[in-house]
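Residue strings, one per chain:
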Amino acid sequence: MIRLRTLRAGHAVLAVALALAWSGLLAARHLEGRGGVLDRIEAPLLDLRFVLSGPRPPPSDVLIVALDDEAVREAGSFPLPRAAIARIVSGLHDLGARAIGVDILFVDRGEETGDAALARALQEGRAVIAAAATFSREGTNRVPDAEAILWPNERFRQAAALGGVNIATDQGGTPRHAPLIVEGPDGILPSFSLQLATRAVGIGPDLVRDAVRLGAVTQATDLGWALPLRFYGPRGTIPSISAATLLRGSSPRSEIQGRTVLVGATAIGTGDTFATPFDPVLPGVEVLATATAHLLHGDGLVRDTRVRRLDAAAAVVLAGLTALGLALLPATAGFLLAALAAAAWLGVTVAAFGAGFWLSAILPLAAMAPGVAFGLAGRQALDRIWTRQVVQSEEALRRFQDPALAARLAADPSYLAVPVAQHASVIFLDLNGFTGASERLGLERTREMLKEFHAVLSDAAQRHGGVVMNFMGDGAMVLFGLPDPAEDDAARALLAAEHIVEAVRGWLADRQDGLGSRIGVRLGAHHGPVVISRLGSAAHEQITATGDSVNVASRLLEVAKQLGAALVVSDDLIRAAGNPPAFLAAIEGRRRVVLRGRRAALEIAYRWTKGSA
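Every value quoted in this text rests on a predicted model; they were computed, and no experiment measured them.

A. Fine view of the overall build of the protein. Looking only at helices and strands, the protein features 21 helices and 25 strands. When the backbone C-alpha atoms are referred to their principal axes, the protein occupies close to 80 × 70 × 50 Å. Sorting the 613 residues of the protein into buried and exposed places 50% on the buried side. Carbon and sulfur atoms make up 56% of the accessible area of the protein, which totals about 28,300 Å². Between the mean site of the 60 positive side-chain charges and the mean site of the 60 negative ones, the protein shows a separation of 6 Å.

B. Structural detail: the packing of helix α7 (residues 192-201) against helix α10 (residues 284-297). Two numbers describe how α7 lies on α10: the axes approach to 9 Å, and their chain directions differ by 45 degrees. The angle between α7 and α10 places the two elements in the oblique class. The element α7 and its partner α10 pack so that their crossing is right-handed. Only L288, A291, T292, L295 and L296 of α10 make contact with α7, whose side of the interface consists of F192, S193, L194, L196, A197, A200 and V201. Residue composition of the contact of α7 with α10, grouped by class: 10 nonpolar, 2 polar and no charged.

C. Structural detail: empty space enclosed by the protein. Evaluation of the coordinates by the stated rule reveals 1 cavity of 30 Å³ or more. Of the residues contributing to the lining of the largest cavity, the split by class is 5 nonpolar, 3 polar and 1 charged.

D. Focus on the sheet that holds strand β10 (residues 206-208). Taken in spatial order, the 3 strands line up as β10-β11-β12 in an open sheet, and their pairing is antiparallel. Of all the strands in the sheet, the pair left with one neighbour each is β10 and β12 (217-220). The average angle at which neighbouring strand axes cross in this sheet is 20 degrees, direction not considered. Here β10 runs beside strand β11 (residues 211-214); their pairing, made up of 3 bridges, is antiparallel. Within the sheet, the bridge partner assigned to L207 lies in β11 and is V212. Its contacts with the sheet put α10 on β11 and β12, and the angle it makes with β12 is roughly 125 degrees.

E. Representation of the sheet that holds strand β13 (residues 226-228). The 3 strands are arranged β6-β7-β13 in an open sheet whose pairing can be described as antiparallel. Taken across any chain shown, the strands that pair with only one partner, and hence form the sheet edges, are β6 (168-169) and β13. Pairing of strand β7 (residues 175-179) with β13 involves 3 bridges; the strand directions are antiparallel. Within β13, the residue paired with H177 across the bridge is P228.

F. Seen up close, unusual backbone geometry. Here F78 and P79 are connected by a cis peptide whose omega angle stands at 0 degrees. Residue P483 is reached from L482 by a cis peptide bond, and omega for that bond is -5 degrees. Relative to the helices and strands, P483 resides in the loop between β20 (475-480) and α18 (489-509). A positive phi angle, close to 50 degrees, is found at R126, a residue other than glycine. One non-glycine residue, D210, adopts positive backbone phi at about 65 degrees. Considering the arrangement of structural elements, one finds D210 in the loop between β10 and β11.

G. Examining the packing of aromatic side chains more closely. Following the criterion strictly, the structure yields 5 aromatic pairs and no others. Note on F106 and F156: the rings are 5.4 Å apart at their centroids and 55 degrees apart in plane angle, and the pair reads as tilted. Here F106, found in the loop between β2 (99-102) and α5 (112-124), pairs with F156, found in helix α6 (residues 154-159); they are 50 residues apart in sequence, far enough to count as distant. Grouping residues by exposure puts F106 and F156 together as buried. Ring pairs connect the aromatic residues F50, F231, F278 and F353, which therefore count as one cluster. The ring of W151 carries R157 above its face, with NZ or CZ at 4.0 Å from the centroid.

H. Quick peek at the layout of surface pockets. Looking at the largest pocket, its volume works out to about 1,800 Å³. Elements represented by at least two residues in the lining of the largest pocket include exactly α2 (37-53), β16 (273-274), α19 (548-563) and β24 (589-594). Per-element tally for the lining of the largest pocket: the top contributor is α19, with 8 residues. Its residues placed into classes, the lining of the largest pocket shows 20 nonpolar, 14 polar and 14 charged. Computed from the structure, the second largest pocket encloses a volume of approximately 940 Å³.

I. Highlighting the confidence of the model for the protein. Residues with a pLDDT of 70 or more make up 93% of the protein, whose mean pLDDT is 88. Confidence, read as mean pLDDT per element, is least for helix α14 (residues 384-399) in the protein (43) and greatest for β2 (97). Here residues 385-398 scores under 50 on pLDDT; set against residues more than four positions off or in separate chains, the count is 6 contacts.

J. Examining α5 more closely. The terminal C-alpha atoms of α5 lie 18 Å apart, and with 13 residues this matches the ideal 18 Å at 1.5 Å per residue to within 8%. Just past α5, the residue R126 takes up positive phi, approximately 50 degrees.

K. Looking closely at the packing of helix α11 (residues 305-328) against helix α12 (residues 331-354). Contact pair α11 / α12: the axes reach a minimum separation of 8 Å and the direction vectors enclose 165 degrees. In terms of axis orientation, α11 runs roughly antiparallel to α12. Relative to α12, the crossing made by α11 is right-handed. In contact with D311, A314, L318, L321, T322, G325 and L326 of α11, α12 contributes G334, F335, L337, A338, A341 and W345.

L. Broad picture of the side chain of D430. Within the element layout of this structure, D430 appears in strand β18 (residues 420-432). According to the relative accessible area criterion, D430 is buried, its value standing at 17%. Engagement of the side chain of D430 in a polar contact is seen with the side chain of R522, the distance being 3.0 Å. Excluding residues that lie within four positions of it along the chain, D430 makes contacts with D474, G475, G520, V521, R522 and L557.

M. Spotlight on the pattern of salt bridges. Evaluated as defined, the whole model comprises 27 salt bridges. Between E32 and R34 there is a salt bridge, with the nearest N and O atoms lying 2.6 Å from each other. Overall, R34 belongs to the partly exposed group, its relative accessible area being 38%. R463 is the salt-bridge partner of D459, the closest N and O atoms lying 3.2 Å from each other. Taken as a pair, D459 and R463 lie in helix α17 (residues 443-463) at a separation of 4 residues, close to a single helical turn. In this structure R463 comes out as exposed when scored by relative accessible area, which is 61%.

Thresholds applied
Residues numbered from 1 in each chain as written. Predicted model: local features only at pLDDT ≥ 70, side-chain atom pairs only at ≥ 80, totals over all residues. Heavy atoms only, no water. Helix = DSSP H or I, 4+ residues; strand = E, 2+ residues; numbered from the N terminus. Buried < 20%, exposed > 50% of the residue type's maximum accessible area, 1.4 Å probe, protein only. Areas by Shrake-Rupley, 256 points an atom, 1.4 Å probe, with all protein chains shown as cover. Lys, Arg positive; Asp, Glu negative; His and termini not counted. Charge placed at Lys NZ, Arg CZ, Asp CG, Glu CD. Axes fitted to C-alpha atoms, helices over the stretch in contact; angles between N-to-C directions. Parallel < 35°, antiparallel > 145°, perpendicular 65-115°, else oblique. Left-handed = near helix turned anticlockwise from the far one by under 90°. Contact = heavy atoms within 4.5 Å. Nonpolar A, V, L, I, M, F, W, Y, C, P; charged D, E, K, R; others polar. 1 Å grid on protein atoms, 1.4 Å probe; cavity = no way out; pocket = protein on both sides within 12 Å on 5 of 7 lines; lining within 4 Å. Points joined across faces, edges and corners; volume = space filled by probe spheres on them. Pairing = 2+ DSSP bridges. Phe/Tyr/Trp six-rings, centres within 6.5 Å; stacked < 30°, edge-to-face > 60°. Lys NZ or Arg CZ within 6 Å of the ring centre and 35° of its normal. pLDDT = per-residue confidence, 0-100. Expected span 1.5 Å × (residues − 1). Polar contact = N/O pair within 3.5 Å; in protein donor to acceptor, adjacent residues only side chain to side chain. Salt bridge = Lys/Arg side-chain N within 4 Å of Asp/Glu carboxyl O.

Quick look at the structure:
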C-alpha cells in the first residue's frame, strides 16, 4: 500500500513537472511570436469565432471605388488605361475626398499622355499608391524584412505617397495581419493603409510599443507592429461604388465628400482576392480598406503583448492544474476536469473575441496535452486490468480492415509495401445535425445509432465496389480504386453517392425516435490522382489515400453545407464517369467555387437540396 501511494505521488510530481516544462516552452515561443504548427491549428478556430460573432457594421467614412466589370466596360479595357485612372482620381479630389488611395502597382511606363495625366492627378489629389515587398527571411525585431521592394515608375513615385500593400496570410491563404511597416533595402516602407489613414487624419503616426496612434485614435498591434485584421463581413460589406460613375461624371458629391477612398480592382477574374471567414473571394482592396478603417477608428482585433501574456499564463496554469487533477483524482473525474477546463477556455476566447480581443484558443489546449496524456497513461499503468483492456481494444482495432482489403492482404502480405500513384474516386460524407441529436440520445444510444449508420453506409458502398477507408464519428471516407483501379471507378462512385444518400435518408426516415427529421446527410465526391500507401509505424500500419484529390473531396462537404445540398460532386468526377445522362438530368445546380486553402477554382454540381423530395 505504501509503495502504491509512493508511485502515485511520484506520478503526480512528474505529471505536473512535465506539464509546466512543456507549457513554459510553448508560452515562451508564443510570447516571441514563434507559434509554428500551433498557428496553423489556431487559424480555423479563429475563423470559427468570426462566424460565431457574425458580421458587424463597417465605418461609414471609408469608401471603395471599385474597378469592377461595369468600370472595365466603361473604360474599354482591363487594366484600365492610365488616363481613365487619372479621371477617377481627379474626380475624387474634385468631389472632396478626404484621402485617396489607389491599390494599383504602376511599375511600367505607359502611354505618355496617360502617364502625364495620372501623375498630375496623383499629385493634386495627394494620393497614396501601391508598392510591394518580396521576402526571403524573417526580419529583425519581428518587423518584416523585405528582400526587395517593387516600386512604382519613378514618375509616379515622385507624384504620390507610397505604401506597401503586402498582407500576411496564414497557411490557408486567409489574411491575418497587415504589416504597418516593412524594412527594405532602402529603409522603412510604411503600409498602404497606414499612409492612407495618415493622409486622412492629417497627423503623422506615432508607433509606440504594441500600438499605433493617429491623432486621438490608438489601435493595438501585434508583434512588430502587425495589425490584426477583424473583418466586417463578406464582399460588399464596406461601402462601395463603381468607378464607372466617376468615369461618366455622375457620382454625387454626397457619396465622396469627407470620405477616405480606396480605388481597387473587384472585377471578376482579376485574381486579387483572399479567402476569409465570411467570403471565399474577398477582393484585396477590401482587405486594405479593413485595415485602413481599423487605423482610423481603432476597432481592429487586440492581440498585443498583454494579450499574449494572458495566453501564456492560461497555458501554464491550465496545464499544471489538469495534470495534477488527472494524477490524483479518479480517472473519470480527472478527465472531466480537463475537458471542462478546455471548454471553459474556449468559451472565454469566444467571449473575448466578441469584445475585440484575440486570445489563443489552441495554446492552452496544446499546453495541456502532455500532462493529460501522461496523467492518463500513469493511471492506466497503475491499473493492470484497465491496461489490459486498452491493449486488447487496440489489438482488435489494428486487426480491423475493410473486407476487400483484408482479402487482398491475406493473399498478398506485401500489398502496397511500395506506395502506388493512381487515379481514384473519393467520397466524404457526414451527418449534419448529429451533434445536437447525440446530446439528446446519450452515450449508449449515440453509439448504437452510429453503428446502424456505419452498417447502412458500408452496405451501400460495398454494393458498388467502394472501400470504406475509415469512419470518423458521424462521417466516413470511401474510396473507389482499391484493391486495384478499374475503368468504371468513377461511374460506380457516382452510383454509390446517390445510393448512399438515399439509403441514409431511408434509414433516418424509418427511425422511431423522431430524430430522423432533425438529421440530414451531406456528401462530397471528387475524382483525381491519389497515392495509396501504408502509413504508420512498423508495429501499426494502416492503408490510406493521400493527395490533393482527397483534400478536395473533404472540402466539398463544406460546399455542401454552404449550399444546403445533400450531394456535391466535382465536374472531374462527372467527366471521369462518362457524363452519365441520368445523373446530369437530376442535377439541381452548378457553380464555380474556390475551396478553402486552394487557389484554383473548381466546377461542381449539386443535387437534393434541403426540402427536395
